[in-house]
Amino acid sequence: MATAPKAPSIGLLKGLGVTLKTFFQRATTQQYPHVKPDLPPRTRGVIALMEENCTVCMLCARECPDWCIYIDSHKEVVPPKEEGGRARTRNMLDRFAIDFALCMYCGICVEVCPFDALFWSPEFEYSTYSVRELTHEMDQLRVWMDTVPPPPALEVGAEEPKEIIDGLEAARKAAERAAVAAAPAAEAGPAGTSAAGAAAASPAAREEDIHVEAEIDQEVFDQLVAEGTSERVARAKAKAAFVRREKARIRRERAGSESPPEAGDPNQREGAAS
């Protein structure tokens, strides 16, 4: 005997209700890569290396849970800085590579580095067709340093880190020594020498203030790809070229804003000429 068809259950009606509700809502899909995602400032993208800070202590390689950091070094004898001192043996970095095919982005290597040689970069566009190209050597890790954002500002009332205080003190002493050494030349031409010294020191003093969001320089990228460079390396070098070009443009704009006043005030022209 045939049974009468059952009415739809309440669960099916709820599911259809959710479908109808979302059907008329606006889509939130981002048009990547034409629209870049708004990433947090301390995003864990890729690890960058500042090799001059590395002392080959091997802490990062020993603490890495994936064993994806490869370091080679050799020892050199460094002569004493002062006469009568003792020569010291120093480890010199030969190779520093990170295999991002194995890396799980835990950040332990960045945290345990005692000399600030490793940094997080928000850059994440380094995919490749070959797993072998995911091993970034020392030159590639240095390129990623151009994409590392500046550190966050200190909280109100916080003390400056000891490293910054020592660096500022060392810079102050070096400036005093340079001023004492330049005193005889300043007596011969004080105005010209001081103006030239200020113009030379000004860009270097504010170099750290310049931060540029990395983008791909399409012309450099196309040229490198045409020369046979892999897309990953070409993309990184194109971004580094873009950052260097933008920093140079910002420096020129700053230098132009500080140029001597134009003709109009004789006193200002005389001061600038002197």
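Residues numbered from 1 in each chain as written. Predicted model: local features only at pLDDT ≥ 70, side-chain atom pairs only at ≥ 80, totals over all residues. Heavy atoms only, no water.

Quick look at the pattern of salt bridges
Okay, step 1: According to the stated counting rule, one finds eleven salt bridges in the structure shown.
Okay, step 2: One salt bridge in this structure joins Glu 125 and Lys 36, with 2.9 Å as the shortest N-O distance. Pair noted here: Glu 125 is in the loop between strand E4 (118-121) and strand E5 (135-136) and Lys 36 is in the loop between helix H1 (10-23) and strand E1 (46-49), with a separation of 89 residues, a long-range link.
Okay, step 3: For Glu 125, a relative accessible area of 13% corresponds to the buried category.
Okay, step 4: Salt bridges sharing partners connect three or more residues here, namely Lys 36, Glu 123, Glu 125 and Lys 239. (Salt bridge = Lys/Arg side-chain N within 4 Å of Asp/Glu carboxyl O. Helix = DSSP H or I, 4+ residues; strand = E, 2+ residues; numbered from the N terminus. Buried < 20%, exposed > 50% of the residue type's maximum accessible area, 1.4 Å probe, protein only.)

Examining the nonpolar core
In a soluble, globular protein the nonpolar side chains are often hidden away together inside.
Okay, step 1: Counting residues in each nonpolar core, the largest one holds 30 residues, and the members touching the most others are Ile 47, Ile 69, Ile 71, Phe 96, Ile 98, Phe 100 and Leu 118.
Okay, step 2: Counting residues per element, the ones that place at least two in this core are E1, helix H2 (59-63), strand E2 (69-78), strand E3 (88-99), helix H3 (108-112) and E4.
Okay, step 3: For this core, the element with the most residues is E1, which contributes four residues.
Okay, step 4: Setting aside anything within four residues of it in sequence, one finds Ile 69 in contact with Cys 60, Ala 61, Cys 64, Phe 96, Ala 97, Ile 98 and Cys 109. (Core = buried A, V, L, I, M, F, W, Y, C linked by side-chain atoms within 4.5 Å. Contact = heavy atoms within 4.5 Å.)

Here we look at the environment of Glu 137
Okay, step 1: With respect to the helices, strands and loops of the structure, Glu 137 is situated in the loop between E5 and helix H4 (138-143).
Okay, step 2: Judged by relative accessible area, Glu 137 falls into the partly exposed class, the value being 30%.
Okay, step 3: Among residues more than four places away in sequence, those in contact with Glu 137 are Arg 95, Phe 96 and Ala 97.

Focus on the sheet that holds E5
Okay, step 1: Strand order in the open sheet made by the three strands is E2-E3-E5, with antiparallel pairing throughout. Across the chains shown, the open sheet's two edge strands, defined by having one partner strand only, are E2 and E5.
Okay, step 2: Note: E2 against E3, ten bridges, orientation antiparallel. Bridge assignment links Asp 72 to a residue of E3, and that residue is Arg 95. (Pairing = 2+ DSSP bridges.)

Notes on a nonpolar patch on the surface
Okay, step 1: Residues Ile 10, Leu 12, Leu 13 and Leu 16 make up a contiguous nonpolar surface patch of about 400 Å² in total accessible area.
Okay, step 2: Within the element layout of this structure, Leu 13 appears in helix H1. (Patch = residues over 30% accessible without salt bridge, like charges linked within 9 Å, V, L, I, M, F, W, Y side chains within 5 Å. Areas by Shrake-Rupley, 256 points an atom, 1.4 Å probe, with all protein chains shown as cover.)

As for the packing of helix H8 (residues 218-226) against helix H9 (residues 231-257)
The geometry of a pair of packed helices is captured by two quantities: the angle between their axes and the separation between those axes.
Okay, step 1: At a minimum axis distance of 8 Å, the contact between H8 and H9 shows a crossing angle of 150°. Where H8 crosses over H9, the two elements pack in a sense that is right-handed. Between H8 and H9, the contacting residues are Val 220, Phe 221, Leu 224 and Val 225 on the first element and Glu 231, Ala 234, Arg 235, Lys 237, Ala 238 and Ala 241 on the second.
Okay, step 2: Tallied by class, residues from the contact of H8 with H9 come to seven nonpolar, no polar and three charged. (Axes fitted to C-alpha atoms, helices over the stretch in contact; angles between N-to-C directions. Left-handed = near helix turned anticlockwise from the far one by under 90°. Nonpolar A, V, L, I, M, F, W, Y, C, P; charged D, E, K, R; others polar.)

Some points on the pairing of E1
Along any regular strand, the residues point their side chains to alternate faces of the sheet.
Okay, step 1: Neither face of E1 is exposed, since Val 46 and Ala 48 on one face and Ile 47 and Leu 49 on the opposite face are all buried.
Okay, step 2: Bridge count between E1 and E4: four bridges; the pairing is antiparallel. Across the sheet, Val 46 pairs through a bridge with Ser 121, a residue of E4.

Observations concerning the layout of surface pockets
Okay, step 1: When its volume is computed, the second largest pocket comes out at roughly 580 Å³.
Okay, step 2: Around the second largest pocket sit 20 residues that line it, and Leu 39, Pro 122, Glu 123, Glu 213 and Ala 214 are the ones nearest its centre. (1 Å grid on protein atoms, 1.4 Å probe; cavity = no way out; pocket = protein on both sides within 12 Å on 5 of 7 lines; lining within 4 Å. Points joined across faces, edges and corners; volume = space filled by probe spheres on them.)

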